[in-house]
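Report on the structure
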Amino acid sequence: MAWSCSSLFVCSILLLLCAPFAVSGTSLEPQKKRSGEEISFIANWRRSVADSTNVTIPTNSSYILAEQRTYRRDPLDGYKKYTGGWNISNQDYWASVGFTAAPLFAIALAWFIIFGLTLILICICRCCFPHRSYSYSRVAYALSLILLVLFTISAIVGSIVLYTGQGKFHSSTTNTLDYVVGQSNYTVDNLRNFSSSLAAAKRIGIVQSFLPQNVLTEIDSAQTKLNSSANDLASRTQSNSDKIQKVLSAVRLALIIVAAVMLLLAFIGFLLSVFGLQFLVSVLVVIGWILVTGTFILCGVFLLLHNVVSDTCVAMEEWVAHPTEHTALDDILPCVDAQAANDSLYKGRDVTFQLVNLVNKAITNVTNGNFPPQAGPVYYNQSGPLMPTLCNPYGADLQNRSCGSGEVNFDNATQVWKQFECQTKIVSGSEICSTRGRVTPAIYSQLLAALNVSSGIYQYGPFLYQLEDCTFVRDTFTSISSSNCPGLERYSKWVYVGLVLVSTAVMASLVFWVVYARERRHRAYSKGVREDF
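Report on the accompanying structure. Not measured: the values here are computed from a predicted model.

1. Observations concerning the overall build of the protein
Along the backbone of the protein there are 12 helices and 6 strands. Counting the 533 residues in the protein, one finds 46% classified as buried. For the protein, restricting intrachain contacts to residue pairs at least 6 apart in sequence, the fraction spanning at least 24 positions comes to 79%. For the protein, the exposed area adds up to about 25,300 Å²; of that, 59% sits on carbon and sulfur atoms.

And the structure:
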């Protein structure tokens, strides 16, 4: 059903865009079988989409999304190349995309172990061999100072890139989330408005004629599903949006802290080394050793995130270009289903057809009749030219039909029918026309009420159809791919590059803090020895 599929809409997009942060799902209602004529309604849509996108539809039953981009080594499959394409429900996909960050995780591990062992060896040497030579090299001293300055500047630049990148990345992800939530709210509003239109249809009565009981029963059933799905969609959207927003805010705060701490660490370490505060430099080296390890791990995480975002953007773009293919996205967005799409339109079309029929029966059998005063309720002294009937947009088979000659449509019926309204007077408690006309103000109001409700339901039909055949989702993906994906990919890369730059710069700075502090101490000792002589 449209309302069943729509409840999955936003959660699915949130999952696609923020796959590491959110998970969602849903279930579909049982689908009723339709006639071949009804199914042909969707077949026409499939042909039109294929024609409009100039896509040649192959006969295979599955299409691999982002196949070239996701062609990576899979550690779960003997390090063979992964060929399954974008598929967030496949553990091999996550293993292959995670493997792209393996070098950074390996660097973090190697740095933690090797530099940690080096620090331990230095401590052992100082404790066990307190008397050591103080050889001094001017080249080593000058070179260590120059490199220390360069790496400190690099750390400052990396921190600036990281801070700028995280701000733009947060803005880009927030804008994307706001857009998706806005699309969800639009969907919820339309579902609720459609439900309200159906509810109004139950109250429609024209000259004591009402909709058949079976139609009223179907409306009650549809209303229940619509309201339930709209409420569920609103609740899911708000819940997922809040969770993702909290994660994004936490990530932003963490990146700001990392940028500030690494910048402060590089600057303070440089000053302490220059002023020769050996003990404080040693303490800062230990702190920096741990921070650099954590920053390299964070580099790997953001590289993974960058690749997932890029994969998802490519997958969305390819899914839009192949509307009738079976893909991994179908597990999340089960689209292009003829039976489900017809179910979503059937009730709306049926109610519209019945309402227009109710209006036309009232016009044909009552307002256009010439009755004697003894005719009872159907007589109110109507006279003059006959009123035109309302064009029914659907035939008895609920397929589209063209308006006949002399019929009015939803757009001009109000103005045309107004010309047939008469002035009235009360005679024996009944409203009777005192001038020429075919409808009393009361009957005219009843006709307008039926017209507005049937027109409203008719206008919401295409929206429900777009939900079912995923045109609405496809349009949303197209907008995200063109407007949001470039920023998401660009700024996630900025964050990754900033983290790599600041991690590498601080890592090298740690080494040259120790080297420069040692050369400075040896230089001071050599000067003192020469002065003694």
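2. A look at unusual backbone geometry
Phi is positive for tyrosine 79, which is not a glycine, with a value near 60°. Mapping tyrosine 79 onto the fold places it in the loop between strand S1 (73-74) and strand S2 (80-81). Since its relative accessible area comes to 44%, tyrosine 79 is described here as partly exposed.

3. What about the packing of helix H4 (residues 91-99) against helix H8 (residues 278-321)?
One way to put it is that H4 packs onto H8 with a least axis distance of 8 Å and a crossing angle of 125°. For the element pair H4 / H8, the angle class is oblique. Remark: the crossing between H4 and H8 carries right-handed chirality. Contacts between H4 and H8 involve Tyr93, Trp94, Val97 and Gly98 from the former and Leu304, Asn307, Val308 and Asp311 from the latter. Residues of the contact of H4 with H8, tallied by class, amount to 5 nonpolar, 2 polar and 1 charged.

4. Quick word on the packing of aromatic side chains
Overall, the coordinates contain 15 aromatic pairs when judged by the stated rule. Aromatic side chains tyrosine 186 and phenylalanine 463 sit 5.6 Å apart centroid to centroid with 90° between the ring planes, which places their arrangement in the edge-to-face category. Here the residue tyrosine 186 occupies a position in helix H6 (residues 138-202), and phenylalanine 463 occupies one in helix H11 (residues 441-468), the gap between them amounting to 277 residues. Residue tyrosine 186 is classed as partly exposed on the basis of its relative accessible area of 40%. The interplanar angle of 75° and the centroid separation of 5.8 Å between the aromatic rings of phenylalanine 463 and phenylalanine 472 together place this pair among those described as edge-to-face. We note that phenylalanine 463, like phenylalanine 472, is buried. What links up through ring pairs into an aromatic cluster is the set Tyr82, Tyr93 and Trp94.

5. Some thoughts on the pairing of strand S6 (residues 430-433)
Inspection of the sheet shows strand S5 (residues 424-427) paired to S6 by 4 bridges, in the antiparallel sense. Looking across to S6, one finds that threonine 424 is bridged to cysteine 433. Between S5 and S6, which pair antiparallel in sequence order, lie 2 residues; one of them, serine 428, sits at a positive phi of approximately 55°.

6. Overview of the nonpolar core
Among the nonpolar cores identified, the biggest contains 62 residues, and Trp86, Trp319, Leu499, Val506, Leu510 and Trp513 are the most heavily contacted of them. Contributing elements (two or more residues each) for this core: H4, helix H5 (102-128), H6, helix H7 (213-274), H8 and helix H12 (471-532). Counting residues per element, this core draws most heavily on H8, which supplies 17 residues. Those residues in contact with tryptophan 513, other than ones at most four positions away along the chain, are Leu148, Leu265, Ala266, Gly269, Phe270, Ser273, Val281, Leu284 and Val285. Counting residues in each nonpolar core, the second largest holds 49 residues, with Val188, Leu198, Val359 and Ile363 among its members.

7. Here we look at the pattern of salt bridges
One pass over the full model with this rule turns up 6 salt bridges. Two residues, aspartate 220 and lysine 202, come together in a salt bridge whose shortest N-O distance is 2.7 Å. One end of the pair, aspartate 220, is in helix H7; the other, lysine 202, is in helix H6, and 18 residues separate them in sequence. On the basis of relative accessibility, which here comes to 36%, the residue aspartate 220 falls in the partly exposed class. Given the relative accessible area of 31%, lysine 202 is considered partly exposed. Notably, a salt bridge pairs aspartate 232 with arginine 236, separated by 2.8 Å at the nearest N-O pair. Placement of the pair is aspartate 232 and arginine 236 together in helix H7, with a separation of 4 residues, close to one helical turn. For arginine 236, a relative accessible area of 25% corresponds to the partly exposed category.

8. A word on a nonpolar patch on the surface
On the surface, a cluster of nonpolar side chains totalling about 930 Å² of accessible area is made up of Leu264, Phe267, Ile268, Leu271, Phe275, Leu277, Phe279, Leu280, Val283 and Ile287. Those elements that place two or more of their residues in the nonpolar patch are H7 and H8. Residue position: phenylalanine 275 is located in the loop between H7 and H8.

The rules we used
- In every chain, residue numbers begin from 1 and rise along the written sequence.
- Since the coordinates come from a predicted model, pLDDT governs what is reported: local features require at least 70, and pairs of side-chain atoms require 80 or more to be given and counted, while whole-chain, interface and lining totals use all residues.
- Only hydrogens and water are removed before side-chain values are computed, so all heavy atoms of the structure are retained for them.
- A run of H or I in DSSP counts as a helix once it spans at least four residues, and a run of E counts as a strand once it spans at least two, with each numbered from the N terminus.
- The cut-offs for exposure are 20% and 50% of the maximum accessible area for each residue type, with area from a 1.4 Å probe on protein chains only; residues under the lower value are buried, those over the upper are exposed, and the others partly exposed.
- Residue contacts follow a heavy-atom distance rule, with two residues in contact if any of their heavy atoms lie within 4.5 Å.
- Methods summary: accessible areas were calculated by the Shrake-Rupley approach with a probe of 1.4 Å, and residue burial reflects only the protein chains presented.
- Every angle, taken between N-to-C directions, lies between 0 and 180 degrees, and every axis is a line fitted to C-alpha atoms, over only the stretch in contact when it is a helix.
- An angle below 35 degrees is read as roughly parallel, one above 145 as roughly antiparallel, one from 65 to 115 as roughly perpendicular, and any other as oblique.
- Handedness of a crossing is defined here by the sense of rotation of the near helix relative to the far one, left-handed for an anticlockwise turn of less than a right angle and right-handed for a clockwise turn.
- Amino acid classes used here: Ala, Val, Leu, Ile, Met, Phe, Trp, Tyr, Cys and Pro are nonpolar; Asp, Glu, Lys and Arg are charged; the rest, including Gly, are polar.
- Here the aromatic set is Phe, Tyr and Trp, taking the six-membered ring for Trp, and pairing holds for ring centres within 6.5 Å; pairs whose planes are under 30 degrees apart are stacked, those over 60 apart are edge-to-face, and all others are tilted.
- Whether two strands pair comes down to DSSP finding at least two bridges between them.
- For our purposes a nonpolar core is just a set of buried Ala, Val, Leu, Ile, Met, Phe, Trp, Tyr and Cys residues, chained together by side-chain atoms within 4.5 Å.
- Salt bridges are defined by distance alone: a side-chain nitrogen of Lys or Arg within 4 Å of a carboxyl oxygen of Asp or Glu.
- What makes a patch is a set of residues exposed beyond 30% relative accessible area and free of salt bridges, joined within 9 Å when like-charged and within 5 Å when nonpolar (Val, Leu, Ile, Met, Phe, Trp, Tyr).

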